[in-house]
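A structural walkthrough
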Amino acid sequence: MRPEQILVPTPSGLCSKAGGFHIDPTRPVDKALITHGHSDHARAGHGHVLATQETLDIMRLRYGEKFAGSTQAIGYGETLKLGDVTVSYHPAGHVLGSAQIAVERKGLRIVASGDYKDVADPTCAPFELVPCDVFITEATFGLPVFRHHDAEGEIRKLLHSVAVFPERAHLVGAYSLGKAQRVMALLRAAGYDKTIYLHGAMEKITAYYQERGIDLGPVELVKGAKKAELAGTITICPPTAMSDLWSRRFPDPVLAFASGWMRVRARARQRGVTLPLVISDHADWDGLTKTISATGCSEVWVTHGEEEALVHWAHMQGLKAKPLAIVGYGDEEEHEAEIPLPPRSGGEGGEKQE
Amino acid sequence: MNRFAELLDRLAYEPGRNNKIKLIAAYFRETEDPDRGYALAAMTGALSFRNAKAGMIRALIAERTDPALFALSYDYVGDLSETVALMWTPSPLPPRSGGEGSGVGGVGDSKEPPTPNPSPPLTSFVWGGGAQADLFDIPKPERLLRNDPSPTLAEVVETLSTLGKAQLPAQIARWLDVLDETGRWALLKLVTGSLRIGVSARLAKTAAAALGAKDPDEIEVLWPGLEPPYTELFAWLEGRGDKPVSRDPAPFRPAMLAHAIEDGDLDALDPADFMAEWKWDGIRVQAVAGRDEHGAMVSRLYSRTGEDISKSFPDLLPSLRRPGAIDGELLILREGRVQSFNVLQQRLNRKTVTPKLIQEFPAHLRAYDLLADETGDLREIGFAERRARLERFVAALDDPRIDLSPLVAFATWDELIAARANPGDGGAGDDAEAVEGVMLKRRTAPYVPGRPKGQWWKWKRDPMVVDAVLMYAQRGHGKRSSFYSDYTFGVWNGDDELVPVGKAYFGFTDEELTEIDRFIRRNTVAKFGPVREVTHDADTGLVLEVAFEGLQQSTRHKSGIAMRFPRINRLRWDKPPREADRLETLEKMLNSVIPRRG
Ligand SMILES: [Zn+2]
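Figured I'd write up the structure that's included with this text. Being a predicted model, the structure only gives us computed values, none of them experimental. (Residues numbered from 1 in each chain as written. Chains lettered and ligands numbered in written order. Predicted model: local features only at pLDDT ≥ 70, side-chain atom pairs only at ≥ 80, totals over all residues. Heavy atoms only, no water.)

**Describing the coordination of the zinc ion**
Note the threshold: Think of the donor list as every N, O and S atom within 2.8 Å of the metal, or within 3.2 Å for Na, K and Ca; water never makes the list, so a site can look incomplete. Square planar and octahedral sites, with four and six donors, are those where opposite donors lie more than 155 degrees apart and all other angles lie between 65 and 115, tetrahedral sites have four donors with every angle between 85 and 135 degrees, and the rest are irregular.
The coordination sphere of the zinc ion, as far as protein atoms go, consists of H36 of chain A (NE2), H38 of chain A (ND1), H94 of chain A (NE2) and D115 of chain A (OD), spread over 2.1 to 2.3 Å. Metal-centred angles of 88 to 165 degrees between the four donor atoms at the zinc ion mark the site as irregular.

What follows is the structure, given as structure tokens:
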């Protein structure tokens, strides 16, 4: 049994001929197994979708009732026989409802982990390690410069800034599914109990998180608030909104951005951020390498991201490794995170000489 | 160090000046001595220690990382210090701190919450305080984290200032092991001497002043007598101590500067409120003398920016034998006549001061103002009163090397305009050529550091202008290396020959440069290496209107005249070379300094 007899990478995603399905296909297919609700992984228009209840609900919120021909919910740890293979879903720790999908045939197990992180997140089930023969991993932050550290420290930085600038508003750019809610939950865990304001784009998903019992404290749409009221407050918004006219309703806003990309200064500067917050829903370099080792796999497939470094690392560990070069993953965050360059004022000039 | 690093990190992204001040002020409030003092020193450029070279940092990281992974990372990040800061793996590998990575550590047991970081309790934030949250209630992360092994900024600075070169790499590695990413980044920027954070010394001092709601100028005034880590300064700012007094018997006092006068400025001013003096074409200095604790006289000469230049002018120091501080102009005097700036330049250019040099270029101080005398500091009293004291001071000093810069008498602005136009008749006499313009000083103006509004104006003389003919052109350097951008020009002599009178390589626009360059290439009559001779006869050639600051006799030039600070004012395509100026015009200018417009 070769792994390719279970799953083959195709340009439109991983395909299982033996099971008759695709995982996170980037084009409409008959039968799709979806790892999580981010739109680069969960697209509308498939014939049949198998996913966790949360992922199905999120897809419904985003694409409407008719996002797929038919759907089937599967719980974490549940096993299902599809054709000649067995599949099971396991928490990926990425966002609410996110799953790794284990595909097994005749004692050979491949885990397609989707997007994942191996650190605590109060808004979703923690990552579960699934021992396997082939581990399919992302490599969004697959360079040893990406070490995300503790998100609590970043929240502390944000609260410190709010205390230093009580007359300014703080805008936190965050991906509207997962990151936004995690930032809110982290703020609550840090003892921040004031109203957190929301951009309209965050409303539905945030309400859904609350429905699922995730306590985010008092949350309000920013739409009705007056400019003066917003001094000293925190508003969560899509990163793109920070450079919109929309942001003019805030008094001298501090532009924070919660993303793993904020680890690299050039990336933060490129986006005109004044308060970068290194908070990521993806595994960092240490997370990726430790997870790969811990699965006990002998082979690694890298779906997307900085695959070159991770493949090099895997080879150094004596593992078989290859990049899959699946096109289309990682696009959504890029898209939502795109902020046009605002003009930056330069540094202080030297005192002019007479 | 981590806390200082956080500040630098934040400052690097914050564009607003006032917001930067707030961030720095908050840091000063939250951070103890001596760390904050060293931070102030780092931001004002007052720290000096042996810098580490990039090669050393590369060698350190090479010991810890795989070369391929380093290359990929460096390529991605683009900055060496930052790449190393992010990639650095402490040795030996400790368990990962904080909430990261713990999910995998306990395989299958991921319900265990991650070990919290040793973080300060956030409950000490005051959220109920409304918009006026008290900054003093912000927790002091570094102090609360003091059980962490990372060095304080003070430890880093003090260690670096005593460390031998051989110990540097190992010490830096030890620090990198215990600092976080931002801390490592700031450390590497600091030790490699590349801490550029968009904060001027003035801004940092302004933030310090905000700590005690003081005027930043008060700090400027104190600054030359202060040293890192500035504990006395912070004690005073926080109301815990007296205002620091300089223990330096001959301290520098930050210079007061003037605004350039603009059209119409005079209309709004009453001549009766002002005094005027000549602005001499030398270098502005401060000559200070005072007694040390043993009663010995200490005398020093400072540049306008506070650099101690005493060593370059040992001939002047013995004349500073009365306690006081004179603001004046350093000039070269020969037989009682002020020499041109070019002559002074010749002395300034010499590295070693020899007796011969001193004899040939004797230094002289022409006094404008008195900032202190034996009774103490005079800066808070008005200029008119300081001037009166200066006159008494200089008279009592009675030294041939120090004289008083005379006031320019005027009752109306027209009289001042006339004096400025003709300093020789206006009172400058034989030294008129060394007059750069006039200074206008408000009688009541205290001596304030920097360039306060509405107190002092400088009013330079109009430049002198002649029409000259382009004779030779030479290629420029750098960006201009493909252009002929250095021009030698001449005027007609008594034999109707053009004689070179100067060389200019600026004053024109890029467009004009292109035009001149094209003219030169089309009208070259001879080439001498990088130099082209261009057509210059009575009917064909290019007339340049040349502006300059002064003229002097020169034996080095065939014309017998040298120009100061010549530049191209205008291109006179309209003017045939025969109508260019004649040497006799320049000779007249040399004798009479009445400026004219061409
Ligand atoms: Zn995702």
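Having seen the model, we can carry on.
**Some words on the sheet that holds strand β13 (residues 196–198) of chain A**
Residue and element names in this part refer to chain A. Threshold: Here, strands pair whenever DSSP counts at least two bridges between them. In this description a helix means any DSSP run of H or I spanning at least four residues, a strand means any run of E spanning at least two, and both kinds are numbered starting from the N terminus. Structural elements are reduced to axes, namely lines fitted to C-alpha atoms, with helices fitted over the stretch in contact, and the angle between N-to-C directions of any two is expressed from 0 to 180 degrees.
Here we have six strands laid out as an open sheet, ordered β14-β13-β15-β12-β16-β17, and parallel in their pairing. At either end of the open sheet lies a strand with only one pairing partner, and these are β14 (219–221) and β17 (275–277). Along the sheet, successive strands turn relative to each other by an average axial angle of 25 degrees, direction set aside. As paired elements, strand β12 (residues 170–173) and strand β16 (residues 254–258) share four bridges and run parallel to each other. By the bridge assignment, L171 is partnered in β16 with L255.

**Considerations on a nonpolar patch on the surface**
Residues and elements named next belong to chain B. Test applied: Distance thresholds for patches are 9 Å for like charges and 5 Å for nonpolar side chains (Val, Leu, Ile, Met, Phe, Trp, Tyr), applied to residues having over 30% relative accessible area and no salt bridge. Values of accessible area rely on a 1.4 Å probe in the Shrake-Rupley scheme; residue burial ignores everything except the protein chains shown. A pairing counts as a salt bridge when a side-chain nitrogen of Lys or Arg comes within 4 Å of a carboxyl oxygen of Asp or Glu. Relative accessibility thresholds used throughout: buried, under 20% of the residue-type maximum; exposed, over 50%; partly exposed, between the two (1.4 Å probe, protein chains only).
Judged by side-chain polarity, Y505, F506 and F565 come together as a nonpolar surface patch covering roughly 310 Å² of accessible area. Tracing the backbone through its elements, the reader meets F506 in the loop between β15 (498–504) and α20 (510–522). Judged by its relative accessible area of 34%, F506 is partly exposed.

**Here's the deal with the sheet that holds strand β2 (residues 274–280) of chain B**
Residues and elements named next belong to chain B. What counts is decided by this rule: Residue contacts follow a heavy-atom distance rule, with two residues in contact if any of their heavy atoms lie within 4.5 Å.
Read from one edge to the other, the open sheet built from five strands follows the order β1-β12-β11-β2-β10, with strand pairing classed as mixed. Strands with a single pairing partner mark the edges of an open sheet, and in this sheet they are β1 (259–260) and β10 (407–408). Taken together, the seven bridges between β2 and strand β11 (residues 435–442) define a ladder with antiparallel strand orientation. From the neighbouring strand, F274 faces β11, where its bridge partner is R442. Running at roughly 50 degrees to strand β12 (residues 456–460), helix α18 (residues 413–421) makes contact with β2, β10, β11 and β12 of the sheet.

**Observations regarding the side chain of H94 of chain A**
Residues and elements named next belong to chain A. Here is the rule: Polar contacts, as used here, are pairs of N or O atoms within 3.5 Å; protein pairs need one atom able to donate a hydrogen and one able to accept it. Residues neighboring in sequence count only if both atoms are side-chain atoms.
Position of H94 among the secondary structure elements: in the loop between β8 (85–91) and β9 (99–105). Classification of H94 by relative accessible area gives buried; the value is 0%. In terms of polar contacts, H94 uses its side chain to reach the side chain of H36, at 3.3 Å. Leaving out residues up to four positions away in the same chain, H94 has contacts with H36, H38, D115, Y116, K117, D121, C124, D281 and H282.

**Considering unusual backbone geometry**
All names here are of chain B. With an omega of -5 degrees, the peptide bond between D33 and P34 qualifies as cis. Considering the arrangement of structural elements, one finds P34 in the loop between α2 (17–30) and α3 (35–44). With omega at 5 degrees, the peptide bond leading from P228 into P229 counts as cis. As for its placement among the helices and strands, P229 is situated in the loop between α13 (216–222) and α14 (231–237). The backbone phi angle of D496 is positive, close to 55 degrees, even though this residue is not glycine. Within the secondary structure, D496 is located in the loop between β14 (484–492) and β15.

**Considering the nonpolar core**
Where we set the bar: What makes a nonpolar core is a set of buried Ala, Val, Leu, Ile, Met, Phe, Trp, Tyr and Cys residues whose side-chain atoms join them at distances within 4.5 Å.
Counting 118 residues, the largest nonpolar core has F28, M43, I172 and L233 of chain B as its most contacted members. Leave out the neighbours within four places in its chain, and I172 of chain B touches A52, M56, L60, L187, L188 and V191 of chain B. Membership of the second largest hydrophobic core comes to 35 residues, among which are I58, I155, L159 and L275 of chain A.

**Describing the packing of helix α1 (residues 2–13) of chain B against α2 of chain B**
Residue and element names in this part refer to chain B. Threshold: Should an angle fall under 35 degrees it is called roughly parallel, over 145 degrees roughly antiparallel, and 65 to 115 degrees roughly perpendicular, with every other angle called oblique. Polar here means any residue outside two lists: the nonpolar Ala, Val, Leu, Ile, Met, Phe, Trp, Tyr, Cys and Pro, and the charged Asp, Glu, Lys and Arg; Gly therefore counts as polar.
At a minimum axis distance of 10 Å, the contact between α1 and α2 shows a crossing angle of 175 degrees. Of the possible angle classes, the one that applies to α1 and α2 is roughly antiparallel. Between α1 and α2, the residues in contact are R3, F4, L7, R10 and L11 and K20, L23, I24, Y27 and E30, respectively. Taken together, the residues of the contact of α1 with α2 sort by class into six nonpolar, no polar and four charged.

**Concerning the packing of aromatic side chains**
Threshold: Centres within 6.5 Å are what make two rings of Phe, Tyr or Trp a pair, Trp counting through its six-membered ring; a difference in plane orientation under 30 degrees is then read as stacked, over 60 as edge-to-face, and the rest as tilted. Two conditions define a charge located above a ring, namely a distance within 6 Å from the ring centre to NZ of Lys or CZ of Arg, and an angle within 35 degrees of the ring normal.
In the structure shown here, the tally under the stated rule is 20 aromatic pairs over all chains. Aromatic pair F410 of chain B and W413 of chain B: ring centres 5.6 Å apart, planes at 20 degrees, arrangement stacked. Taking relative accessible area as the criterion, W413 of chain B reaches 12% and is therefore assigned buried. Within the aromatic cluster, the residues linked to one another by ring pairs are F141, F146 and W261 of chain A together with Y76 of chain B. The aromatic ring of W261 of chain A is capped on one face by R267 of chain A, whose charged end is 4.0 Å from the ring centroid. The side chain of R322 of chain B reaches across the aromatic face of F393 of chain B, ending 5.0 Å from its centre.

**Details of α18 of chain B**
All names here are of chain B. This is how the line gets drawn: The arc in question is traced by the directions running from the helix axis to the C-beta atoms.
What α18 keeps buried is the set W413, L416, A419 and R420. In an axial view of α18, the angular spread of the buried residues amounts to 120 degrees, which keeps them on one side of the axis. Each element contacted by the buried residues of α18 is listed here: β2, β10, α19 (423–428), β11 and β12.

**Topic: the packing of α2 of chain B against helix α12 (residues 201–211) of chain B**
Residues and elements named next belong to chain B. How we decide: Less than a right angle of anticlockwise turn of the near helix away from the far helix marks a crossing as left-handed, whereas a clockwise turn marks it as right-handed.
In the contact formed by α2 and α12, the axes pass within 8 Å of each other and the chain directions differ by 55 degrees. The pairing of α2 with α12 is recorded here as oblique in orientation. Our pair here, α2 against α12, has a crossing hand that is right-handed. Between α2 and α12, the residues in contact are R17, K20, I21, I24, A25, F28 and R29 and L203, A204, T206, A207, A208, A210 and L211, respectively. Here the residues of the contact of α2 with α12 sort into ten nonpolar, one polar and three charged.

**Some words on empty space enclosed by the protein**
All names here are of chain A. Selection criterion: Cavities and pockets were defined on a 1 Å grid built from protein atoms only: a cavity is a group of points that admits a 1.4 Å probe but offers it no way out, a pocket is an open group of points flanked by protein on both sides within 12 Å along at least five of seven lines, and a lining residue is one with an atom within 4 Å of any such point. Grid points are joined across faces, edges and corners, and a volume is the space filled by probe spheres set on the points.
Applying the stated rule across the entire model yields six cavities of 30 Å³ or more. In this structure, the largest cavity occupies an estimated 80 Å³ of space. If you go around the largest cavity, you meet 14 residues; those closest to its centre are L14, D24, G114, T303 and Y329. With three residues, strand β11 (residues 134–139) is the single largest residue contributor to the lining of the largest cavity. Of the residues contributing to the lining of the largest cavity, the split by class is five nonpolar, seven polar and two charged.

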